[in-house]
Amino acid sequence: MMLRVRFHGRGGQGAKTASRILGDAAFNDGYYSQDFPIYGAERRGAPVAAFTRFSDGEITERGFIFSPDIVGVMDDSLIDDPLANPFAGLRKGGCAVVNTTKRSDALLADRKDATIIAVDLTGMALKMLGKAVLSSGIAAAVARVAGIGESQFLAAVAEELREVGLSEEMVRKNVELAMAVYGQLAPLELRTEELPTKLELVPLAVVVSGEGMEDVTRTGNSAVRHTGNWRTFKPVIDYEKCTDCMICYAYCPESAMSVREDGRVAIDYDNCKGCMICLTECPLRAISQTMEGGTR
Amino acid sequence: MPTEGDLADDGGGHAVKGKLLTGNAAAASAARLARVDYIPAYPITPQTEIIETIADWVREGTMDAKFVQLESEHSMMTAAGTASLAGARVFTATSSQGLLYAMEMLYNVSGWRAPMVLVNVSRALAAPIVLEPDHNDVLAARDSGFIQLHSETCQEVADMVLLAYRVAEDSRVMLPAIVNLDGFYLSFTRERVVLPDQKGVDSFLPPYQPPHPLRASQPVAKGTAVMEGFVYSYFKYNMHAAAVRAKKVFSEAARDYKELFGRDYGPVEGYRLDDAEYVIVMSNSFTTLGRQAVNRMRERGVPAGLLKLRMVRPFPTEEVVALLKGRKAAAVFDQNLSPGSGGILFPEVAASMYHVRDRPQTILPVVGGLGGKQLTSDEMTSIFEEMIAVNSGSKPLAPMFLMRSEEMAKVKRAVALAEGGS
Ligand code: SF4
Ligand code: SF4
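Residues numbered from 1 in each chain as written. Chains lettered and ligands numbered in written order. Predicted model: local features only at pLDDT ≥ 70, side-chain atom pairs only at ≥ 80, totals over all residues. Heavy atoms only, no water.

Trainee: Describe the site of ligand 2, naming the residues involved and giving the relevant values.
Mentor: In the vicinity of ligand 2, the residues found are Pro235, Cys252, Pro253, Glu254, Met257, Ile267, Cys272, Lys273, Gly274, Cys275, Met276 and Cys278 of chain A. The residue makeup of the shell around ligand 2, split by class, is 9 nonpolar, 1 polar and 2 charged. (Near = heavy atom within 4 Å. Nonpolar A, V, L, I, M, F, W, Y, C, P; charged D, E, K, R; others polar.)

Trainee: Kindly report on the domain arrangement of chain A, identifying the contributing residues and their values.
Mentor: With domains assigned, chain A is organised as domain 1 (2-184) and domain 2 (224-291). A C-alpha centroid distance of 33 Å is found between domain 1 of chain A and domain 2 of chain A. (Domains from an automatic or database assignment.)

Trainee: Go over the environment of aspartate 56 of chain B, please, and point to the residues and values.
Mentor: With respect to the helices and strands, aspartate 56 of chain B occurs in helix α3 (residues 48-60). Separated by 11 residues in sequence, aspartate 56 of chain B and phenylalanine 67 of chain B have C-alpha atoms that sit 9.8 Å apart. (Helix = DSSP H or I, 4+ residues; strand = E, 2+ residues; numbered from the N terminus.)

Trainee: So what about the interface of chain A and chain B? Which residues, and what values?
Mentor: Taken together, the 41 residues of chain A in the interface contact 43 residues of chain B. Buried surface at the junction of chain A and chain B, both sides included, amounts to about 3,700 Å², of which 60% is carbon and sulfur. Run the count over chain A and chain B and you get 6 salt bridges. Aspartate 24 of chain A is paired through a salt bridge with arginine 190 of chain B; the nearest N and O atoms lie 3.4 Å apart. Joining chain A to chain B, the criterion identifies 16 residue pairs in polar contact (both at pLDDT 80 or more). Each residue belonging to the side of chain A that touches chain B can be placed in one class, and the counts come to 17 nonpolar, 11 polar and 13 charged. (Contact = heavy atoms within 4.5 Å. Buried area = accessible area lost by both parts, 1.4 Å probe. Salt bridge = Lys/Arg side-chain N within 4 Å of Asp/Glu carboxyl O. Polar contact = N/O pair within 3.5 Å; in protein donor to acceptor, adjacent residues only side chain to side chain.)

Trainee: With reference to specific residues and values, describe helix α5 (residues 168-184) of chain A.
Mentor: Residue and element names in this part refer to chain A. Between its first and last C-alpha atoms α5 spans 24 Å; for 17 residues at 1.5 Å apiece the expected length is 24 Å, and the two agree. Along α5, the residues classified as buried are Met170, Val171, Asn174, Val175, Leu177, Ala178, Val181 and Tyr182. In a view along the axis of α5, the buried residues occupy a sector of 165°, so they form one face of it. Turned more than 90 degrees away from the buried face of α5 sit Gly183 and Gln184, all of them exposed. On its buried face, α5 is in contact with α2 (121-129), α3 (135-146) and α4 (150-163). (Expected span 1.5 Å × (residues − 1). Buried < 20%, exposed > 50% of the residue type's maximum accessible area, 1.4 Å probe, protein only. Arc of directions from axis to C-beta.)

Trainee: With reference to specific residues and values, describe the pattern of salt bridges.
Mentor: Two side chains carrying opposite charge are able to pair once their charged atoms lie near each other. By the definition in use, this model includes 54 salt bridges over all chains. Between glutamate 194 of chain A and arginine 296 of chain B there is a salt bridge, and its shortest N-O distance comes to 3.4 Å. Separated into two different chains, glutamate 194 of chain A in the loop between α5 and α6 (204-207) and arginine 296 of chain B in helix α10 (residues 287-299) make up a pair that spans both. Note that lysine 247 of chain B is salt-bridged to glutamate 319 of chain B, the shortest N-O span being 2.9 Å.

Trainee: Describe the packing of helix α11 (residues 317-324) of chain B against helix α12 (residues 345-353) of chain B, with residues and values.
Mentor: All names here are of chain B. Viewed as axis vectors pointing N to C, α11 and α12 meet at an angle of 70°, and their least axial separation amounts to 9 Å. Relative to α12, the element α11 is oriented roughly perpendicular. Residues Thr317, Val320, Val321 and Leu324 of α11 pack against Val349, Ser352 and Met353 of α12. (Axes fitted to C-alpha atoms, helices over the stretch in contact; angles between N-to-C directions. Parallel < 35°, antiparallel > 145°, perpendicular 65-115°, else oblique.)

Trainee: Now, about the domain arrangement of chain B: what can you tell me, with residues and values included?
Mentor: All names here are of chain B. Parsing chain B into structural domains produces domain 1 (3-197 + 225-261) and domain 2 (268-408). Look at where the C-alpha atoms of domain 1 and domain 2 centre, and you get two points 27 Å apart. Taken residue by residue, the interface counts 28 residues in domain 1 and 28 residues in domain 2. Summed over both sides, the interface between domain 1 and domain 2 buries roughly 2,300 Å², with carbon and sulfur atoms accounting for 50% of that surface. Together, Arg142, Glu152 and Lys247 form the three largest contributors to the area buried by domain 1 at its contact with domain 2, with a combined 30%. Inspection of the domain 1/domain 2 interface yields 7 salt bridges. Among the salt bridges present, the one from arginine 310 reaches glutamate 156, with a minimum N-O distance of 2.5 Å. Inspection of the region where domain 1 meets domain 2 yields 21 residue pairs in polar contact (both at pLDDT 80 or more). When contributions to the side of domain 1 that touches domain 2 are tallied by element, the ones reaching two or more residues are α6 (136-140), β6 (147-150), α7 (154-169), β7 (177-182) and α9 (229-261). For the side of domain 1 that touches domain 2, the element with the highest residue contribution is α9, accounting for 5 residues. In terms of residue class, the side of domain 1 that touches domain 2 is made up of 14 nonpolar, 6 polar and 8 charged.

Trainee: So what's going on with the packing of aromatic side chains? Which residues, and what values?
Mentor: Scanning the entire structure with this criterion turns up 12 aromatic pairs over all chains. With 5.6 Å between their ring centres and 25° between their planes, phenylalanine 36 of chain A and phenylalanine 51 of chain A make a pair best called stacked. With a gap of 15 residues between them, phenylalanine 36 of chain A in strand β2 (residues 32-38) and phenylalanine 51 of chain A in strand β3 (residues 47-55) connect regions that are remote in the sequence. Owing to a relative accessible area of 1%, phenylalanine 51 of chain A belongs among the buried residues under this scheme. Seen from their ring centres, tyrosine 185 of chain B and phenylalanine 286 of chain B are 4.8 Å apart, and the 80° between their planes marks the pair as edge-to-face. In this pair, tyrosine 185 of chain B sits in the loop between β7 and β8 (190-193) while phenylalanine 286 of chain B sits in the loop between β10 (278-282) and α10, placing the two residues 101 residues apart along the sequence. For the pair formed by tyrosine 185 of chain B and phenylalanine 286 of chain B, the shared burial category is buried. Ring pairs connect the aromatic residues Phe36, Phe51, Phe64 and Phe66 of chain A together with Tyr185 and Phe286 of chain B, which therefore count as one cluster. Seen from the ring of tyrosine 269 of chain A, lysine 234 of chain A lies directly overhead, with NZ or CZ sitting 4.7 Å from the centre. Here the guanidinium or amino end of arginine 260 of chain A rests over the ring plane of tyrosine 239 of chain A, the centre of that ring lying 4.9 Å away. (Phe/Tyr/Trp six-rings, centres within 6.5 Å; stacked < 30°, edge-to-face > 60°. Lys NZ or Arg CZ within 6 Å of the ring centre and 35° of its normal.)

Trainee: Before we move on, could you go through the sheet that holds strand β13 (residues 329-334) of chain B and cite the residues and values that matter?
Mentor: Hydrogen bonding along the main chain pairs the strands of a sheet, whether they run parallel or antiparallel. Residue and element names in this part refer to chain B. Spatial ordering of the open sheet is given by β9-β11-β10-β13-β14-β15, a layout of 6 strands whose pairing is mixed. A strand with exactly one partner marks an edge of an open sheet, and here the two such strands are β9 (268-271) and β15 (400-401). The sheet contact formed by strand β14 (residues 362-367) and β15 spans 2 bridges and is parallel. Residue pairing across strands places valine 367 opposite phenylalanine 401, the latter belonging to β15. Across the face of the sheet, α10 comes into contact with β9, β10 and β11 (304-309) while running at roughly 165° to β11. (Pairing = 2+ DSSP bridges.)

Trainee: Give me the packing of helix α2 (residues 23-33) of chain B against α3 of chain B: which residues, what numbers.
Mentor: Residue and element names in this part refer to chain B. Viewed as axis vectors pointing N to C, α2 and α3 meet at an angle of 40°, and their least axial separation amounts to 8 Å. Taken together, the axes of α2 and α3 are oblique relative to one another. The interaxial crossing formed by α2 with α3 has right-handed handedness. Here α2 contributes Asn24, Ala25, Ala27, Ala28, Ser29, Ala31 and Arg32 to the contact with α3, which in turn contributes Glu49, Ile50, Thr53, Ile54 and Trp57. Of the residues contributing to the contact of α2 with α3, the split by class is 7 nonpolar, 3 polar and 2 charged. (Left-handed = near helix turned anticlockwise from the far one by under 90°.)

Here is the structure:
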């Protein structure tokens, strides 16, 4: 028996830590286990994935999991993100655990062959931890569904969170949160089957169609690659206080500040990454921050 | 110094022995077990965790060694080589562009016959930029005179570092060694690793005894200007002979290693080769995917097998010949690309087989996994399907360059977006 779990989150939400908690928990519970994160050079907010495999025999797989038995989605705004595509390849008879305030039947209507579990992990985390840290919650949900023993799991939560440097108090609160999530759910008898796949290889001649080289010649195109969804915090200008001194305009590293027709500065939320440099630099404290919407 | 207990921790009470370690942690742990004296370092993704871990251990006193961060990989390698000549056991690690930046010094360090160990965490070379692995970095050092050992698992990373010291420091070899591990697929992957115990390692790897250490009162010339091609040739031929001898030395060391720690390593490793007619040749972490493909083909009744190159320098020609001769077809999976030629290991395997009478009729060149490109299991089995089709004459022999249609569609979408479409 081998279970393959794929976590989807945004940088900073704790997908990697979740995969490690689950890896430790399974290992503590006597399984062979393996965990692995994948991320680019992007910072907080960009879609990331992490993986855990565990098995009662040696694991002879590695790398990306194309057909997971369980997916853990830490942010429901990822569901429609084509870069994340969190349900891709989810096995027949598999399970998706989604952190959301929506109802489970509103999430994956076209996959009647899989179990969808909706839990408001952000809500629980805000209540119990005072912040939206999701690693222990999503790991707890997946561990419970996968049938991993409670004591081994809770030990893994404490072990991993200590390793990333959390205070003893936060470790204790996370363990309590994990217990609460774990207690809410029940183990599933997962009998899964890989979805049929069809391989279509592209011959080299098609990959490199045309002669010469691929240069992108359009200028100003970085704006079309929207990076606004990387944001965890959102800067908001208070126009009562703002004097249009343009200091934020000069400091914004993303050129996400512009000037409106009426001469007022404005933030381009499609591209603002939420670095909060503008907030730091504004001499009039006219910029404040709010938490991004969705489940963050 | 670390206590034996914490290094030999077998996870006390766990049903599964060992502990979960990343490839990077396995490399650092092996350096500590080898009781290295000196670690000159410079950080680069995805190697950084190795030197961070070692720096922590040195700081907290659980590793008795000198750690220095240099200002570049070039200086790092210079410091490593000279310290090794002075008689220190030296460990360092780099990746990708860092290895290229150090390249000039690699040839010097090997020419000095300084037996240090360098861990390379493979990452594809710029440009364009990516963080994930292929082997153009480590294979750029192919001709440098370093012994090269490539790892498939985190366990192998730890074991290869220890074996590398034994081989490098052997008086019949006296060459530096590179242990390669793939970025992400090993460097950041945690899996079960059983670390050897300190006492065992101490007996396997006694303190390094340099034959002619640099000492203030005892001058010795290393890497001098010779100014004459025939003198230069003399030294280079000696390096070649030493590198060739390293294979035998490795096998001897591996025998001792097996006796002490139970794990058995040869310069190459066969998987389900006994009756195999179709064989894929590959190295490093994606070999795990190759094994899965072999199993899938076997389930379909195809006699498939795999030949893993663990030692890339010296090239294990005799072992490759012994394991490939008599097969119907072979494919060489290169996770690297020499533009204008193709995969780098393919010609080496093909050349090994050229004079063998019952060589495989087909040797298929395959390039895949560049920049860490993920490979589905269908993609891996397609290599066997191609081998069979070419060998039966139903398809002409043409190199494969793996790319799936959905990946190509994503490339097209990204280019269109950049060009101003939507
Ligand atoms: S720095 Fe502050 S006051 Fe100046 S334009 Fe920006 S928001 Fe307005
Ligand atoms: S937070 Fe402010 S400075 Fe940072 S990208 Fe957004 S607008 Fe620019």
